[in-house]
Amino acid sequence: MSRAAEETNRLMLRARDAMDRAYAQPLDVPALARIAHVSEAHFSRTFRATFGETPHRYLQRRRVERAMFLLRESGRSVTEICFEVGFGSPGTFSRTFHDIVGRSPRTYRKEAAATVVPTCFTMAWTRPST
Amino acid sequence: MFNAITHSQIFVLDQDEALDFYVGKLGLEVAADVDMGFMRWLAVSVPGHPERQILLERPGAPAMSEETAEQVRELVTKGATGGWLIFTTEDCRKTYETLLGLGVEFTEEPTERPYGIDCGLRDPFGNRIRFTQLKD
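Here we summarise the structure given alongside this text. (Residues numbered from 1 in each chain as written. Chains lettered and ligands numbered in written order. Predicted model: local features only at pLDDT ≥ 70, side-chain atom pairs only at ≥ 80, totals over all residues. Heavy atoms only, no water.)

Much of the literature gives interface size as the accessible area that the parts lose upon coming together. Listed by partner, the interface residues are 17 residues for chain A and 21 residues for chain B. Carbon and sulfur atoms make up 48% of the surface buried where chain A meets chain B, a total of about 1800 Å² over both sides. The tally of links between chain A and chain B comes to five salt bridges. Glu-105 of chain B is paired through a salt bridge with Arg-10 of chain A; the nearest N and O atoms lie 3.5 Å apart. Elements with a contribution of two residues or more to the side of chain A that touches chain B: helix H1 (3-21), helix H3 (40-51) and helix H8 (119-125) of chain A. Per-element accounting of the side of chain A that touches chain B gives the leading share, nine residues, to H1 of chain A. Taken together, the residues that form the side of chain A that touches chain B break down as seven nonpolar, three polar and seven charged. (Contact = heavy atoms within 4.5 Å. Buried area = accessible area lost by both parts, 1.4 Å probe. Salt bridge = Lys/Arg side-chain N within 4 Å of Asp/Glu carboxyl O. Helix = DSSP H or I, 4+ residues; strand = E, 2+ residues; numbered from the N terminus. Nonpolar A, V, L, I, M, F, W, Y, C, P; charged D, E, K, R; others polar.)

Below you can see the structure in the form of structure tokens.
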């Protein structure tokens, strides 16, 4: 592990932090590569080598986690939540949510219970892992 | 049984850089900075509260093998070690603006929570820090 690799880790972490912070914005590979100060060609591959999944998948799971949070702890409609977490259409949202969580947003809402731990922990620990 | 927590520890990759960040930017004070020969005991605390110190420890030999130290450094820079510090503040938004002006890298803007307003940042190495303005 060279110092250069540590610097690469930090740059990838900076891009991942941007997804955690600004998940609702249209963060595409060019935008994330700029944050990480690397070329677009290298970004996805390096991110995957660092964290074990593509930046697109990470962002989807972050958005779904935030949607799960809002379904559990707010009264907003599924459609409102879809746009609030950064999905472009309710169809894409429902399909992605179901792929990742195994249930529809509405079913999830009925079954989920609110948690009481600080939000920073639920962001890290309830993000779906598949 | 126990009376208090006096010391906690996080790994930093460079103690001079850690000092610049934790003291120079976050405004903590040096509680101890002792060259023990085999290691530099560097601890910081919230000003006026030396009873609770954070040891800023550099991973390395002889405490661990060079290979293990490299692994720790890799985990720190991936944001994957423990490295949680949570502080309280009188005014979360004001502190956020101050630190932002000093070039601190935030992971989350001040956000309203049931327990107060808090936000998140990273130290220069990858450790996670939060501070909260608790509700009365």
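Time to look at unusual backbone geometry. For the bond from Ala-61 of chain B to Pro-62 of chain B, the omega torsion is 0°, close enough to zero to count as cis. With respect to the helices, strands and loops of the structure, Pro-62 of chain B is situated in the loop between strand E4 (53-57) and helix H2 (66-77). Phi at His-37 of chain A is positive, roughly 55°, even though this residue is not glycine. Looking at where His-37 of chain A falls in the secondary structure, it is placed in the loop between helix H2 (29-36) and H3.

Looking along a regular strand, one sees the side chains alternate between the two faces of the sheet. Residue and element names in this part refer to chain B. Strand E7 (residues 116-122) sits mainly inside the fold: seven of its seven residues count as buried. Taking every second residue as pointing to the same face, both faces of E7 are buried, with Gly-116, Asp-118, Gly-120 and Arg-122 on one and Ile-117, Cys-119 and Leu-121 on the other. Relative to E7, strand E6 (residues 106-113) is paired through five bridges, and the arrangement is antiparallel. Within the sheet, the bridge partner assigned to Thr-111 lies in E7 and is Asp-118. Counted between consecutive antiparallel strands, the loop separating E6 from E7 contains two residues. Sheet topology note: the E7/strand E8 (residues 128-134) ladder contains seven bridges and is antiparallel. The partner of Gly-116 across the bridge, within E8, is Leu-134. (Buried < 20%, exposed > 50% of the residue type's maximum accessible area, 1.4 Å probe, protein only. Pairing = 2+ DSSP bridges.)

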